[in-house]
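What follows is the residue order along each chain.
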Amino acid sequence: MHVVRAYLRHRPVGWPAHGALVGDTVPGMSLRVTAALTAVLVAASVGVAVAEEPAAPASATAIRAYHDSGEWAKDFATQFKLASKDLDKALTVKKGKKKPKGTPTLILDIDDTSLSSYDCAAKKDFIPGSNGICAVTENLPAIKGALDLAKKAVKKKVKLVFITARPENETIRAFTEKNLKVAGYTMKHALTMKPSGIAAETSAAYKTAARKALIKGGARIVLNVGDQQSDLSGGAAQYAVKLPNPMYVNK
Ligand SMILES: [Mg+2]
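Residues numbered from 1 in each chain as written. Predicted model: local features only at pLDDT ≥ 70, side-chain atom pairs only at ≥ 80, totals over all residues.

Visitor: Sorry if this is basic, but what is going on with the overall build of the chain here?
Guide: Helix and strand counts for the chain come out as nine helices and eight strands. Considering the chain as a whole, with its 251 residues, one finds that 38% of them fall into the buried category. A sequence separation of at least 24 residues applies to 73% of the contacts in the chain between residues at least 6 apart. (Helix = DSSP H or I, 4+ residues; strand = E, 2+ residues; numbered from the N terminus. Buried ≥ 20, exposed ≤ 12 C-beta atoms within 10 Å, placed from the backbone. Contact = placed C-beta atoms within 7 Å.)

Quick look at the structure:
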């Protein structure tokens, strides 16, 4: 079973409309409505304005407004809470059932999932490409929910694997490892970066193949967390959680 904790205030491109999502499924996935959507529906029905995530890529003004209203942080907290619960569920062996095979593994995306490029990109007024520049030039701060989730997972003997579309090369790998460490990700982990030979491949294809390779190598991916639909779309995880990100879209 592959459960997607979709961030439903703004459905990811190519997904069915909200109405179709409720109780509906898309191939290979079973979807559940989050509390966030319920809140929006309730608010809509009583005419209360909700500061919601603007569709990506949003204007600098809209991105700042979402951030400064505190809604982005709130939405992060909601999704990380779901992620934490899903992790517990995936690790619970029901009475009378056999422990599932494979090494329990947590997959985290890096940019705007584990590390935040917001402050750096804001200085560049969110011009297209600013996040990519930030990723390879600045030490970015941790996103607390992701760091807490990583710590919890490792404590529960879950293997931590970062899968990022940052390009694989010696310099960027060293820079990324250093940033993760400085930000607080000091626990044992693996880091998968996008090889130059497949630079033209979409993030979705590269990341899906990377997860499948891990499974082939004996992993059981209990949870996959990312800020882009392309982090999650290929399945190959028991649970998947989508974080908000109005700044950009990576396919
Ligand atoms: Mg990302």
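Structure's up, so let's keep going.
Visitor: Explain helix 4 (residues 71-91) here, please?
Guide: Each turn of an α-helix holds 3.6 residues, which means side chains three or four residues apart point in the same direction. Here helix 4 is 21 residues long and its end C-alpha atoms lie 30 Å apart, about the 30 Å a rise of 1.5 Å per residue gives. Every buried residue of helix 4 is listed here: Trp 72, Asp 75, Phe 76, Gln 79, Phe 80, Leu 82, Ala 83, Asp 86 and Leu 87. Looking down the long axis of helix 4, one finds its buried residues gathered within 160° of arc, a one-sided arrangement. (Expected span 1.5 Å × (residues − 1). Arc of directions from axis to C-beta.)

Visitor: Please explain the pairing of strand 5 (residues 159-167) as it appears in this structure.
Guide: A regular strand places its side chains so that they alternate between the two faces of the sheet. With four bridges joining them, strand 4 (residues 103-108) and strand 5 adopt parallel strand pairing. For Leu 106, the partnering residue across the bridge sits in strand 5 and is Leu 160. Inspection of the sheet shows strand 5 paired to strand 6 (residues 190-194) by four bridges, in the parallel sense. Each residue of the ladder has a partner; that of Val 161, found in strand 6, is Ala 190. For the crossover from strand 5 across helix 8 (residues 170-183) to strand 6, the handedness is right-handed. (Pairing = 2+ DSSP bridges. Right-handed = clockwise from strand over helix to strand, strands pointing away.)

Visitor: Please clarify how helix 7 (residues 144-155) should be interpreted in this entry.
Guide: Taking 1.5 Å of rise per residue, 12 residues should cover 16 Å, and helix 7 covers 16 Å from first to last C-alpha, within 8% of that figure. Those residues of helix 7 not exposed but buried are Gly 145, Ala 146, Leu 147, Leu 149, Ala 150 and Ala 153. Buried residues in helix 7 make contact with helix 4, strand 4, strand 5 and strand 7 (219-226). Just past helix 7, the residue Lys 157 takes up positive phi, approximately 65°.

Visitor: Got a minute to help me understand the packing of helix 4 against helix 7 in this structure?
Guide: How two helices sit against one another is set out by the angle between their axes and by the gap between those axes. Where helix 4 meets helix 7, the closest approach of the two axes is 10 Å, and the angle between their N-to-C directions is 10°. The angle between helix 4 and helix 7 places the two elements in the roughly parallel class. Note on element contacts: helix 7 touches helix 4 through Gly 145, Leu 149, Lys 152 and Ala 153, opposite Phe 76, Ala 77, Phe 80, Ala 83, Ser 84 and Leu 87. Partitioning the contact of helix 4 with helix 7 into residue classes produces seven nonpolar, two polar and one charged. (Axes fitted to C-alpha atoms, helices over the stretch in contact; angles between N-to-C directions. Parallel < 35°, antiparallel > 145°, perpendicular 65-115°, else oblique. Nonpolar A, V, L, I, M, F, W, Y, C, P; charged D, E, K, R; others polar.)

Visitor: What should I look at first to understand unusual backbone geometry in this one?
Guide: Most of the time, phi is negative for any residue but glycine, and the peptide bond is trans. Of the consecutive residues Ala 56 and Pro 57, the connecting peptide bond is found in the cis state with omega at -5°. Turning to its location among the elements, Pro 57 is positioned in the loop between helix 2 (35-46) and helix 3 (60-68). One non-glycine residue, Lys 157, adopts positive backbone phi at about 65°. The class of Lys 157 is exposed, set by 9 C-beta atoms lying within 10 Å.

Visitor: Which parts of the structure should I look at to understand the environment of Ser 117?
Guide: One can find Ser 117 in the loop between strand 4 and helix 5 (118-123). Taking C-alpha positions, Ser 117 is 9.6 Å from Ile 133, a pair spaced 16 residues apart along the chain.

Visitor: Quick question: what am I supposed to make of the nonpolar core here?
Guide: The tendency in soluble globular proteins is for nonpolar side chains to be buried side by side. Counting residues in each nonpolar core, the largest one holds 50 residues, and the members touching the most others are Ala 83, Leu 106, Leu 108, Ala 150 and Leu 223. Counting residues per element, this core draws most heavily on helix 4, at six residues. For Leu 223, the contacting residues outside a window of four places in its chain are Ala 83, Asp 86, Leu 87, Ala 90, Leu 106, Ala 237, Gln 238 and Tyr 239. (Core = buried A, V, L, I, M, F, W, Y, C linked by C-beta atoms within 7 Å.)

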